[in-house]
Structure formats: C-alpha cells, structure tokens
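Examination of the molecular architecture
So the chains spell out like this:
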Amino acid sequence: MQAWRVHRNGEPSEVMRLEETGRPTPGDGQVLIEVLAANINFPDALLCRGQYQVRPPLPFTPGVEICGRTADGRRVLATPALPHGGFAEYVVADEAALLPAPDALGDAEAAALHIGYQTGWFGLHRRAHLRAGETLLVHAAAGGVGSAAVQLGKAAGATVIGVVGGPEKARVAAGIGCDLVIDRHREDIVAAVKEATGGRGADVVYDPVGGDAYAKSVKCVAFEGRVIVVGFASGVIPTPALNHALVKNYSIVGLHWGLYNTKDPAAVRACHDELTRLAEQGAVKPLISERVALAGAADAVQRVADGASTGRIVVLPSGAAR
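Residues numbered from 1 in each chain as written. Predicted model: local features only at pLDDT ≥ 70, side-chain atom pairs only at ≥ 80, totals over all residues. Heavy atoms only, no water.

Quick word on the packing of helix α4 (residues 115-127) against helix α11 (residues 265-281)
- The contact between α4 and α11 brings their axes to 10 Å, and the two run at 100°. Our classification of the angle between α4 and α11 gives roughly perpendicular. Contacts between α4 and α11 pair Y117, Q118, W121, F122 and R126 from the former with A267, V268, C271, H272, E274 and L275 from the latter.
- For the contact of α4 with α11, a count of residues per class yields seven nonpolar, two polar and two charged. (Axes fitted to C-alpha atoms, helices over the stretch in contact; angles between N-to-C directions. Helix = DSSP H or I, 4+ residues; strand = E, 2+ residues; numbered from the N terminus. Parallel < 35°, antiparallel > 145°, perpendicular 65-115°, else oblique. Contact = heavy atoms within 4.5 Å. Nonpolar A, V, L, I, M, F, W, Y, C, P; charged D, E, K, R; others polar.)

So this is what it looks like as structure tokens:
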C-alpha cells in the first residue's frame, strides 16, 4: 500500500515521503481499516516536527483521525494506532474505541467530526458549562477547531463572537454563523468584545491559539467567565497571572480531550451520540475547505501548519476516493 512516512523530524513538506509499504498488522484488540478519508489536524504538523506530546518511533505515518471501513463493512471513525497514522491506504485501530460514522455525513465530513468536535463539546459543555444566552468568544474561528466550537456554541444557544486573521477568514467565520467577526489584523479584540457585550465581556473564551490571543482574552472575559485552554497553535504557551484571575473572578480551565479516552470512555461515546444527533439535525456540519488526493497530503499538512487554511483539509486515499 501507499503511505506517507516521516524518517526525520522537520517541516511536513520537507520530511513527509510517500512510499510503498506493507499493510500494518493488527495487534490484540485491534482491527485493520481501509481509509476512506483522513482529516488533517495541527497535531499532524507537530508530529512531523517532533513537538507533539506523543513521539512515535521513526519512521512513522502521521494522520490522527480517519473515517474508514472495516473488513466486515462497517463505516467507522477511528484514531489510528501510531506509528501507522491515517495518511495511508490502511491503518489499524483499537476495536473498542471505534465510533460509527454518522449516516448524515459523507466520508470527508465524518472524518472531521471526531477530535475537533469532541474537543469543542467537552470544552464548552463539560468544562465550561456554556449556557444559552451567554456570549462565547472563539479564537481562530475559521479554522478546523474554531469552526467546530462556533457551530457547537450556536447549537447551544450562545451568542458567538469569532476572532480571525484576515478578510477571507472573516467571510468564512460569518458564513458558519458567527454573530460578530473580529479581524485581529485590523481591529482591537478587547474593545470590540466589550462594545458588543455592553462592557460585560465574554462569558466563555475558547482558545486553541495561546500567546497574544490568551492575553487579549483575559482582558475581555466577563465576571465569573471561563477561559478554556485548548492548545497553543501560536507556538507561545502563556504564563497566567493568577492574581489577575483572582481580582477579575474568572476561571482558567484546561482541556485535554485525549484523557477522556482512558479516564471516561463512556463519556466519549455519549458525546459522539450527541454529535451524531446534531449532525442529523443539520445543527453541525464540518467545514471542508479542500479535498486532496493522497499524493497531495504533505503540501496540505504544511498549509495547516502555516495557518494558511480554513476549515478542514481532508485527504482521500486514491484507493478510497470514490
């Protein structure tokens, strides 16, 4: 089969190589899956760079979430067992962690419903307890993670303010339902949020960016607001001023979705049931900006790494691109 493999760490476009290799062999409790669609995530770039919290042995194949088909014909969502990631024609994954692909979504959309939407749901509902009528501020609102949070926030009855970088991304964010879009290149985030909320600020902040985004967030978070720390796509991990959290009475809430797979797998399945219901209702639908053949995966991962993409880019292996 064909698979992209990384033999040394570096930028995705430089270190990913498309090779002929044997199909991975399932271990105990695992199943072989034909890849129908593999969604590109920012962690795929971090894996290539050797900067992710998990460092698989070299050589490895990146690709942390897929929609695929098992040998017995089930269409499923899976997180492939590294080092055999999803940018390949076949993967192996743990049978117990497979989730049924929603019938309401095609392969590309289904592949993108997993990690980003689970992270959004756990962040907004389990960790921040977002309520209808509250104001949600989402950074990188036109990206894959941010767009999921926007849709989930609207489905929960929140007023959603999206922060983006540039007019093209602003159009995308407005198109997925943001009530207000702030272009951070041209507008003052803090002033715009306070003006939109009558000086109150955002009740919940969803931050997958870190760095300056976090610094601006705590300046415009509301009394008893919650800042959800999802990731650090900016490359800068903020150092919270806890005295500031004290005097403004807001919470800094961490979210590592992957822990739920081991600590509370039943909650992951319950979340998937809810996401499936929302997809069937049309309340959420992953924003797919581009579908690429397997041969284009390295360039696509690099665009995600560079922040040059909107929504999700999905890889369709040639053997499954029907």
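So, next bit.
Side note on the environment of F87
- Within the fold, F87 resides in the loop between β5 (75-78) and β6 (90-94).
- On the accessibility criterion, F87 (0% relative accessible area) is buried.
- For the pair F87 and V64, spaced 23 residues apart in sequence, the C-alpha to C-alpha distance is 8.7 Å. (Buried < 20%, exposed > 50% of the residue type's maximum accessible area, 1.4 Å probe, protein only.)

Some points on the pattern of salt bridges
- Evaluation of the coordinates by the stated rule reveals 16 salt bridges.
- Of the charged contacts, one joins E134 and R226 as a salt bridge, the two residues approaching to 2.9 Å between their closest N and O atoms. Separated by 92 residues along the polypeptide, E134 in the loop between α4 and β8 (135-139) and R226 in strand β12 (residues 221-229) bring together distant segments of the chain. The same class applies to E134 and to R226, which are both buried.
- Across the pair K216 and D212 runs a salt bridge, and its minimum N-O distance is 3.1 Å. Remark: D212 and K216 occur in helix α8 (residues 212-217); sequence separation between them is four residues, near one turn of the helix. (Salt bridge = Lys/Arg side-chain N within 4 Å of Asp/Glu carboxyl O.)

Some points on the sheet that holds strand β9 (residues 159-164)
- Strand order in this open sheet of six strands is β10-β9-β8-β11-β12-β13, and the pairing throughout is parallel. Lying at the two open borders of the sheet, with one neighbouring strand each, are β10 (180-183) and β13 (251-254). Between one strand axis and the next, the sheet turns through 20° on average, direction left out of account.
- Direction of pairing for β9 relative to β10: parallel, over a ladder of four bridges. Within the sheet, the bridge partner assigned to G162 lies in β10 and is V181.
- This element, helix α5 (residues 144-155), spans β8, β9 and β11 (202-207) of the sheet and lies at about 170° to β8.
- With respect to the sheet, helix α7 (residues 189-196) is in contact with β8, β9, β10 and β11, its orientation differing from that of β10 by roughly 165°. (Pairing = 2+ DSSP bridges.)

Considering the nonpolar core
- Residues M16, I33 and L136 are the most contacted members of the largest nonpolar core, which totals 82 residues.
- Every residue in contact with I33, bar those within four places of it in the chain, is listed here: I66, G68, R69, T70, V76, A78, E89, Y90, V91, A93 and L98.
- I161, V163, A192 and V221 belong to the second largest nonpolar core, which has 17 residues in total. (Core = buried A, V, L, I, M, F, W, Y, C linked by side-chain atoms within 4.5 Å.)

Keep in mind these values describe shape, not function.
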